[in-house]
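Below, each chain spelled out in residue letters.
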Amino acid sequence: MIGVLARPAGAQTVTRLAGADRYGTAAAISESQFQPQPFKAYVATGQSFPDALAAAPAAGWSGGPVLLVTRDQIPQPIADELRRLQPQHIVVVGGTEAISATVEAQLRFFTTGTVTRNAGADRFGTASAVSAAAFAPSAPMAFVATGLDFPDALSAGAPGVGRGPILLVTRDSVPDATAAELRRLRPQTIAVVGGTSAVSDSVLEQLRQISGVAVDRVAGADRFGTSAALSAVFTGVGTENAFLATGLNFPDALAGGAAAGKLGAPVLLADTRCVPQVVRAEVARFGPSRLFLLGGPAALDDRVGALAECETPGIGISTLATGLQVPWDVAFVPGGSAYLTERPTGRLLRRDPNGSIAEVQRFVVDPSGEGGLLGLAASPNFAEDGMLYVFFTSPSDNRIVRFRPGEAGTPILTGLPKASVHDAGRIAFGPDGMLYAATGDAGTSSRSQDPASPAGKILRMTPDGGVPADNPTQGSLVFASGFRDPQGISWDARGRLYADEFGPDRDDEINVVVPGGNYGWPVVTGVADDPRFVDPVVVRQPDVASWSGNAILAGGSIPQWEGDLFVAALRGTRLYRFDLASDGEAAVVGAEELYVGQFGRIRHVEQAPDGSLWLLTSNQDGRGSPTADDDRIIRVGPN
C-alpha cells in the first residue's frame, strides 16, 4: 500500500509505504522506489536480523531492493513484486537454516539471471560474505554494529549505500570473519554505530589495530538520538526525502534501508504516535520535502507524519527507605503496603503507605555465602487468602514456604540443593497463575543438565506446590533447564518469560524461556549456535552486568519506557533498560544503561502499583562500598 497523507509542517508530502504484514510492506517499499529489471534484488527472512541488515547497503549499491521471505515459502506479495521487477540477479542472504534450498530454487523463476547465496557460519560471517561480494577494496567507509541492538544499526543502512558495508562485532570483541573482511576491504575510515553499551571502547581500539585507519563512534543517548546522529553526519541540508520507522518493527524498517540509501535519505526513528525532539530537530535541520512512513498505522500512526512532538513526563528519583540489611525482594499487596525480605537477617519487613517500616517476623535461615531469606511473592488472590510465598536457605536445604504474615506457614517445596554460591531464589507468579522458581546449580554444575535434579532450573508449580498437568515432562516441576544462577524472572505482554542469570567469568545472559528449553550450562555459555541449546537474546560481561532481579514495565507511569525490560546489575552498578520488539517476536532491539555507579550494587527492580520502579540496593552484602544510608529503596518515576 502506498498512501499519501496530510502535509506536516516542514515537509511537502507524507507517503505511507505499508502492506498487510512485513512481506507486504517490503514489497510496497520496493514498488515505490525500484523500476523493473534492477541489477540485483536481495532476499532475507526479516527474522534473522543481522543477516538481513547487512544487505541494505549492498542492495542499495546495486540499485535493487531488500525483499522478505519465510524460510520455506515466498509470500504472495513478494512473488508479485518479483514478477514485476524481474531482477537480473537475486542474492539470498543467510544459510539454509534461514532460507531453505527449496525457496532458493523457487526464486530462479523470478530472475533473468542467477540466484546466488551470501552466507557465513554465523551472523558475523554472513555480514562479511555480503560485504565481500558487493564491495571492492578501498571502500570509503565501513560501518560496524553489534547486530544485536537493532535500531542503532538499522539507521546505518541508508548512509552505508555508496560508502561501504555494515560489518558485525560483539560488544567486546571483533570476530575473526569481521577482522578478515576489514583487512581485505581496507576502508578509508570506520564508523562504529551506537554507544558503549552496544560496542565497547576496547573494540574501537581493536578496530584501529586491525584496519590502521581512523575509527569514530556515531551515537546518541538512545535509538532516536543515534539515528539523528547518523543523519546529521551523512545527510546534507536540502535533502529532499526522509524515512521514518519505529526501530522496533524490524522488517518494515529494514526494507527501507536500501530505498532510503538510493535516494540519499536518512532512516530516522520515531515512537508509534510521536516524534522525539532530537529527531524533530534533525528533520528541521535539513528540511526534507517528503517524508516516507514505513509500516502501517499500528507501527506509525498519522500523528508521526505530522511530526507530533512526544510529550513525556520527566523522570525523577527519590529514596523511600534507608538503613536496610541487603534487601533481596519486594512484594506489593492490596492496600498499598509492600513486604520486603532481608537476606542475611531473615527478617520480613512491611513498608506501609505512610513510609513506616516494621519487622513482621524472622525466618531461621543459613545466611552463609549467598544464602538466606531470598525471593518473595504475593498470592494473586492475596485479598482473599492473605498468602505470601518465600524462598529461603534453611539450615538443611533451600525451600519454598507459603504463609500468612506473622505465621509460620507450610513448606510447599523442600530439598532444593544449597551451597555458599548459586542458590538463585527468585520466585514469581506467572500470567497463568502458576508459581515459578529460579534455582541455581548450588556450586555443582552437572546438576543443571540432570533432569532428575531441581537445581539449575526454572521450576513451575501450582500454588500448593503440585506439578501442573501441562508441564513439559509429566510428573516433573522442571519447566526449563541448563541454568547456572538465574535471579530474575518476568513476563512480557504476550506472556513470554524473560530470565537473566550470572555467567561464570564471562557471558551473563538474558534468555527467553520456553517450555522444555535447555539453556546450555555448563556445556556452553553465551551465543553458542548449538542446536541442542537455546541461545540468549542478550549477553553482557560480568564487569558491566552481574544481573540479578528484573521487571517489565506494564501499565506503568513512564510512557516512554512502557513495555521495556529492566534488569538490575550488581557488579555493573547500573540499571539496564532493554527495548523489546513490538512486532510479536521475542527479541531485544535496543539497550540503555541508567544510573551507572549512582546507587552502587542494585539487587532487584520491581514495578510498584503506582507504575513507578523500585530499586533495591545490595551494598551491605560484603562486595560493595556502602554509604551511611545503605541499603536503600530507590523510587524511579514521574517527577
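In case you missed it, the structure is sitting above this.
Residues numbered from 1 in each chain as written. Predicted model: local features only at pLDDT ≥ 70, side-chain atom pairs only at ≥ 80, totals over all residues. Heavy atoms only, no water.

Asks: Got a sec to walk through the nonpolar core? Specific residues and values, please.
Replies: Judged by nonpolar contacts, the single largest core of 48 residues is most densely connected at I74, I78, L107, I190, V192 and L207. In this view, L107 contacts V43, I74, L82, I90, V92 and V115; residues no more than four positions away in its chain are not counted. Counting 25 residues, the second largest nonpolar core, distinct from the first, contains L17, F243, V279 and L293. (Core = buried A, V, L, I, M, F, W, Y, C linked by side-chain atoms within 4.5 Å. Buried < 20%, exposed > 50% of the residue type's maximum accessible area, 1.4 Å probe, protein only. Contact = heavy atoms within 4.5 Å.)

Asks: Describe in detail the pairing of strand β20 (residues 388-393), supporting the description with residues and values.
Replies: By the criterion of burial, β20 is predominantly enclosed, with six of the six residues buried. Residues L388, V390 and F392 line one face of β20 and the alternating positions Y389, F391 and T393 line the opposite face, and both faces are buried. Where strand β19 (residues 373-378) meets β20, four bridges bridge the pair, whose relative direction is antiparallel. Note that in β20 the partner of L376 across the bridge is V390. Pairing of β20 with strand β21 (residues 398-403) involves six bridges; the strand directions are antiparallel. Directly across from F392, in β21, lies its bridge partner R399. Once β20 ends, the chain turns through four residues before running back antiparallel as β21. (Helix = DSSP H or I, 4+ residues; strand = E, 2+ residues; numbered from the N terminus. Pairing = 2+ DSSP bridges.)

Asks: Now, about the pairing of strand β17 (residues 347-351): what can you tell me, with residues and values included?
Replies: Residues in a regular strand project their side chains so that they alternate between the two faces of the sheet. Most of β17 is tucked away: four of the five residues are buried. Bridge count between strand β16 (residues 338-342) and β17: four bridges; the pairing is antiparallel. Residue pairing in the sheet places T341 in a bridge with L348 of β17. Pairing of β17 with strand β18 (residues 357-362), which is carried by five bridges, proceeds in the antiparallel orientation. The partner of R351 across the bridge, within β18, is I357.

Asks: How would you summarise the environment of Q449 if you had to cite specific residues and measurements?
Replies: Counting through the fold element by element, Q449 comes out in the loop between β24 (435-438) and β25 (457-461). On the basis of relative accessible area, Q449 is assigned to the partly exposed category, the value being 27%. The spatial distance from the C-alpha of Q449 to the C-alpha of R84 is 53 Å, given a sequence separation of 365 residues. Here W521 takes part through its backbone oxygen, which lies 2.8 Å from a polar atom of the side chain of Q449. (Polar contact = N/O pair within 3.5 Å; in protein donor to acceptor, adjacent residues only side chain to side chain.)

Asks: Describe the side chain of D508, and please don't skip the residues or the numbers.
Replies: You can see D508 is positioned in strand β29 (residues 508-513). Lacking a salt bridge, the buried D508 has R484 as its closest oppositely charged neighbour, with an N-O distance of 6.2 Å. Within polar-contact distance, the side chain of D508 engages the backbone nitrogen of S546 at 2.6 Å. Excluding residues that lie within four positions of it along the chain, D508 makes contacts with E501, F502, G503, V538, V539, R540, Q541, P542, A545, S546 and W547. (Lys, Arg positive; Asp, Glu negative; His and termini not counted. Salt bridge = Lys/Arg side-chain N within 4 Å of Asp/Glu carboxyl O.)

Asks: Tell me about the sheet that holds strand β10 (residues 214-218), and please be specific about residues and values.
Replies: Sheet architecture is open: four strands sit in the order β8-β7-β9-β10, paired in parallel fashion. Looking at which strands have only one partner, the edges of the open sheet turn out to be β8 (166-168) and β10. Mean inter-strand twist for the sheet, computed between neighbouring axes without regard to direction, equals 30°. Both strand β7 (residues 142-145) and β8 contribute to a ladder of three bridges, which runs parallel. Bridging across to β8, V144 finds its partner in L167. Contacts from helix α9 (residues 201-211) reach β7, β9 (189-193) and β10 within the one sheet, and its direction differs from that of β10 by about 150°. (Axes fitted to C-alpha atoms, helices over the stretch in contact; angles between N-to-C directions.)

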